[in-house]
Every structure is written in C-alpha cells, then in structure tokens.
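# Reading the structure
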Amino acid sequence: MILRALIALALLAAPASARTVTDSAGRTVEIPDEIETVFAAGPPASVLVYVVAPETLTGWPRALRPEERDYIAEPYRDLPETGRLTGRGGEANLERVLEIAPDLILDFGSVRDTYVDLADRVQEQTGIPYILIDGRFENTPEALRLLGDVLGKPERGELLAQDAEATFARIDAILAEVPADARPRTYLARGPDGLETGMKGSINTEIIERAGGANVADDGGRTQGLVQVSPEQVIVADPEMIVTWDPTFYERVWSDPLWAGVGAVRSGEVYLSPTAPFGWIDRPPSLNRMMGLKWMARLFYPDRWEGSLRDETAEFYETWYQVDLGDAELDRLLEWAEGRPPE
C-alpha cells in the first residue's frame, strides 16, 4: 500500500516543463527542463554524477569509508547511503527511490537488454525518468558531454571530456611506436587470493588494454566478464606484470608458494592500485579509471610517460574530484601506489 501511494504521488508530481533526450541505449526519455536531484543506480553512475554535478547527487550507493572521505569535496562526504538498483548486491528498493523522489535516475555502464528492461520497468513503475549512459572506456568523452547537457552543465562536461581525450591521445602516441607483441603481458588480480580476474575486453580489465598492456586472460573472446582462475592457469599464462587493488593479496603474494613460479612475482613486477576515494583500476569501473590509466601507462612505459605522478595525481583530483589535496593526503595515495596502503 505504501509503495502504491508513493507511486501515485510521484505520478501526480510529474514536471509540467520537460524536454526529451536520447540516451546511450537509443531510448527517448522525457526529463525535466531543470534537474536538481539525481539518483545513481549504481557506483559507476555515482562517480559520473559526482564529477559533473556533485550538487545533484542524492547519495552514495555505499557510504564513504573513513579512509575515502579526504578525497571527496567536503560538502559531499556525508551524503546518505542509498543502495543500488543495478549490479552485484542491488538492494535499493523502489520505495526507497520514491522516498528520495529524484528528478532523474541514472545508470552508467552496460546498455545491454537486461539494463534497458530494468530502466523501462522502473521508469514505468515510478514515473521518474531513467536514462542509461554507455560506460565503456572509449565512450568516456561522449558520456561526459551527454550528462553535461542533461544536467545543464555543458561547460563542465566539455572540460572533462577534453581532458579524457588528451589522456587517450597521449597514450595513443606511445602505442603507435610499440608493436602489439612488445606490450607488457599483464594480469589483473582481484580479491584476497588474486584468482578473480577479467577476460580481455571486460569492463573491469579494459583499462589494461587501453593503457597499452596485453591482458593474459584472453581466450579469443569465448569467455567474457569476470572469471575465477586457478593458480596453474596463472603460472601457464606467466604474466610479466600483475596489478591489483587488494592489499591482502599484495602482502601475501611475495611469500605464497602458489605464486612463486609466476614471472611477475619473481621479477618484483606486482603493483598495488590506490582505491581512495574510488579504485584506480575499477571498483567501480567508472571515470575513476582515468587516473588509473595515467598510473598504469607509466608502469607499462616508464621511459615514454613523462611527468611527475605526484603532480598528475594532484591535478586529477582537483580537476575531476574538485578537492585540493594536501601533502599528507597525497603522500598516503602515493605510498599506496608504492605498495604501502594506509592503515
């Protein structure tokens, strides 16, 4: 009864002044002329909304942890936890969405039929416009421009889109001089045992390929997404580099006999990615990966990637996250990137 009453109220409160947009799935959606509040359907969408128009974000799908707070602009550190509509552990219910009563629901990531069906169903049940934006890495500039237009922030969207394009172009200039068979063979180790990874082309590992690495989890496209592998499979793949965001795995890999035979471990080429306020590799696979792209390209091509990691990190956090990091915050991030995560 409560849900039915909330839906009725939402439908009665539909905006009198509206416009239409076409989202990344080709859906034509009627949205308010002015959007003041956005419900992020999942963590990737929350990052996208935050970097473009943080004042519209109704909350975080998962509340910020203490170690993440310093890396978000102060007015948005205490936004409530809203839950998520999509992805693993989707726990936000429609009653919660209707209580928040956003002007718009946004999802950023896959635009497959599953997500289109969900968007259509939620929009029909709540009367709240719901748009999908393609979250593939290559679509980053287009996604920023689209959301900038939707939220009435075209200048902000354009600024970030051009910054992303400049980073892509910088990497492309390097890769133009590096044959495919000369690119570092890389494995993404997810989780405390390092045995979850993403197949080539997955949204979780496309950062490896975009930064100029060769993902060793490649079966020619027969398998997609995240997979569990065995230690034997990693040994056979014998990556030259391993990247991870899990400090537990990073700490144990050096003494674990299961990993002793892997070339990257023997040569000391295992790297820990920072995860504050969001992961540099994925977690979530959103625009936070733009910082990870700079970090990873530097790992792959240290003689070709010029500039200071410290300066690039400070600039990225100021431009994208709109937070001016002090020396202490920068030190913590860079120590993490050197394998010493903050306690």
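Residues numbered from 1 in each chain as written. Predicted model: local features only at pLDDT ≥ 70, side-chain atom pairs only at ≥ 80, totals over all residues. Heavy atoms only, no water.

The next thing to look at is a negative patch on the surface. Taken together, D311, E315, E318 and D324 make up a surface patch of like negative charges. Here E315 lies in helix α12 (residues 309-320). (Patch = residues over 30% accessible without salt bridge, like charges linked within 9 Å, V, L, I, M, F, W, Y side chains within 5 Å. Areas by Shrake-Rupley, 256 points an atom, 1.4 Å probe, with all protein chains shown as cover. Salt bridge = Lys/Arg side-chain N within 4 Å of Asp/Glu carboxyl O. Lys, Arg positive; Asp, Glu negative; His and termini not counted. Charge placed at Lys NZ, Arg CZ, Asp CG, Glu CD. Helix = DSSP H or I, 4+ residues; strand = E, 2+ residues; numbered from the N terminus.)

What follows covers the sheet that holds strand β8 (residues 214-215). With parallel pairing, four strands are arranged side by side in an open sheet as β8-β6-β10-β11. Looking at strand neighbours, the two that pair on one side only are β8 and β11 (270-272), the edges of this open sheet. With two bridges connecting them, strand β6 (residues 185-189) and β8 associate as parallel partners. Bridge pairing in β8 links T186 to N215. (Pairing = 2+ DSSP bridges.)

Now for the sheet that holds strand β3 (residues 38-40). Sheet architecture is open: three strands sit in the order β3-β4-β5, paired in parallel fashion. At either end of the open sheet lies a strand with only one pairing partner, and these are β3 and β5 (130-134). Taking the axes of each pair of neighbouring strands and ignoring which way they run, one obtains an average angle of 30° across the sheet. The sheet contact formed by β3 and strand β4 (residues 104-109) spans three bridges and is parallel. (Axes fitted to C-alpha atoms, helices over the stretch in contact; angles between N-to-C directions.)

Before going further, it helps to examine the packing of helix α11 (residues 289-300) against α12. Packing of α11 against α12 leaves a shortest axis separation of 10 Å and a crossing angle of 170°. Between α11 and α12, the interaxial angle falls into the category roughly antiparallel. Along this stretch, α11 crosses α12, giving a crossing that reads as right-handed. Where α11 approaches α12, its residues M290, M291, K294, W295 and R298 are matched on the opposing element by L309, E312, T313, F316, Y317 and W320. Considered class by class, the residues forming the contact of α11 with α12 number seven nonpolar, one polar and three charged. (Parallel < 35°, antiparallel > 145°, perpendicular 65-115°, else oblique. Left-handed = near helix turned anticlockwise from the far one by under 90°. Contact = heavy atoms within 4.5 Å. Nonpolar A, V, L, I, M, F, W, Y, C, P; charged D, E, K, R; others polar.)

With 10 of 10 residues buried, helix α2 (residues 43-52) lies mostly within the body of the structure. Looking only at α2, the buried set comprises P43, P44, A45, S46, V47, L48, V49, Y50, V51 and V52. Those residues of α2 hidden inside the fold are in contact with β3, β4, β5, α5 (140-150), α6 (154-175) and α12. (Buried < 20%, exposed > 50% of the residue type's maximum accessible area, 1.4 Å probe, protein only.)

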